[in-house]
Amino acid sequence: MKITYKSFINAVSISEYPIYLILGSPYHLQNEVEFRLENHYKKKEYIIKKYVVDTDFDLAQVKDDFENYSLFADKKVILLNIISNTIPKTLSEYLMEIPIVPDIVIILKLCGQSPSFKKTKIFSKIDTCGCIIEVSELSGSNLNDWVRRKFTRNKINFSEELF
């Protein structure tokens, strides 16, 4: 499933999926989506584990989180903040192989990609069994609404003339 930043932020509740891809820029909007997802799963008593992924990422760092199950398994959210240009091949292949487990939620954060990325196997898998949240620059009324929400949330007085 693909949705936009605006649809995700304006939604009353969060639809649950085993994998999320936060795709695009700017980074602060990606962080808002991440923060909302984290809060949703924290309320459901999931443990949040965060990893920064670059081109030479060692897959062994996350394999334990995916492969070690105990009788009293903790529910986990595994956040993979990908700072390289694209998802490293080893990570992409690994994510394609692992089975979907109900107690593990994967969140991938990735900067904007070329149109060919939407033809990759990993993109198709996420689109089929997960949720792709596309983030893009805000402008016009969307930007004004975002600023109004920020002012209101932070209890800052403002007037319509300001906009």
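Here the structure is shown first, and the text comes after it.
Caption draft 1: Representation of helix α2 (residues 27-43). Between its first and last C-alpha atoms α2 spans 24 Å; for 17 residues at 1.5 Å apiece the expected length is 24 Å, and the two agree. Restricting attention to buried positions, one finds in α2 the residues L29, Q30, E32, V33, E34, L37, E38, H40 and Y41. The positive-phi residue at the C-terminal boundary of α2 is E45, with phi of around 65 degrees.

Caption draft 2: Here's a closer look at the sheet that holds strand β1 (residues 2-4). Read from one edge to the other, the open sheet built from six strands follows the order β1-β6-β2-β5-β4-β3, with strand pairing classed as parallel. Of all strands in the sheet, those bounded by a partner on one side alone are β1 and β3 (47-53). Neighbour to neighbour, the strand axes of the sheet diverge by 20 degrees on average, direction disregarded. Pairing geometry for β1 and strand β6 (residues 131-135), over three bridges, is parallel. Within the sheet, the bridge partner assigned to K2 lies in β6 and is I132. Sitting on the sheet, α2 is in contact with β2 (19-24), β3, β4 (76-82), β5 (104-110) and β6, with an inclination near 165 degrees to β2.

Caption draft 3: Up close: the nonpolar core. Formed by 26 residues in total, the largest nonpolar core has its most connected members in L21, F66, L80, I106 and L108. The set of elements that each furnish at least two residues to this core consists of β2, β3, α3 (60-67), β4, α4 (89-97), β5 and α5 (121-129). Those residues within four positions of L80 in sequence are excluded, and the remaining contacts are Y51, V53, V62, L91, I106, I107, L108 and K109.

Caption draft 4: A look at empty space enclosed by the protein. Going through the model one piece at a time under the given rule, you end up with one cavity of 30 Å³ or more. There is about 130 Å³ of room inside the largest cavity. P18, I98, P99, I100 and I106 are, among the 13 residues lining the largest cavity, the residues nearest its centre. Broken down by secondary-structure element, the contributors of at least two residues to the lining of the largest cavity are β5 and α5. Classifying every residue of the lining of the largest cavity gives 12 nonpolar, no polar and one charged.

Caption draft 5: A look at the side chain of H40. You can see H40 is positioned in helix α2. Of the residues examined, H40 reaches a relative accessible area of 18% and is grouped as buried.

Caption draft 6: Fine view of the environment of F123. When you line up the elements, F123 lands in helix α5. Along the backbone, F123 and S159 are 36 residues apart, and their C-alpha atoms lie at a distance of 43 Å.

Criteria and thresholds
- Residues numbered from 1 in each chain as written.
- Predicted model: local features only at pLDDT ≥ 70, side-chain atom pairs only at ≥ 80, totals over all residues.
- Heavy atoms only, no water.
- Helix = DSSP H or I, 4+ residues; strand = E, 2+ residues; numbered from the N terminus.
- Expected span 1.5 Å × (residues − 1).
- Buried < 20%, exposed > 50% of the residue type's maximum accessible area, 1.4 Å probe, protein only.
- Pairing = 2+ DSSP bridges.
- Axes fitted to C-alpha atoms, helices over the stretch in contact; angles between N-to-C directions.
- Contact = heavy atoms within 4.5 Å.
- Core = buried A, V, L, I, M, F, W, Y, C linked by side-chain atoms within 4.5 Å.
- 1 Å grid on protein atoms, 1.4 Å probe; cavity = no way out; pocket = protein on both sides within 12 Å on 5 of 7 lines; lining within 4 Å.
- Points joined across faces, edges and corners; volume = space filled by probe spheres on them.
- Nonpolar A, V, L, I, M, F, W, Y, C, P; charged D, E, K, R; others polar.

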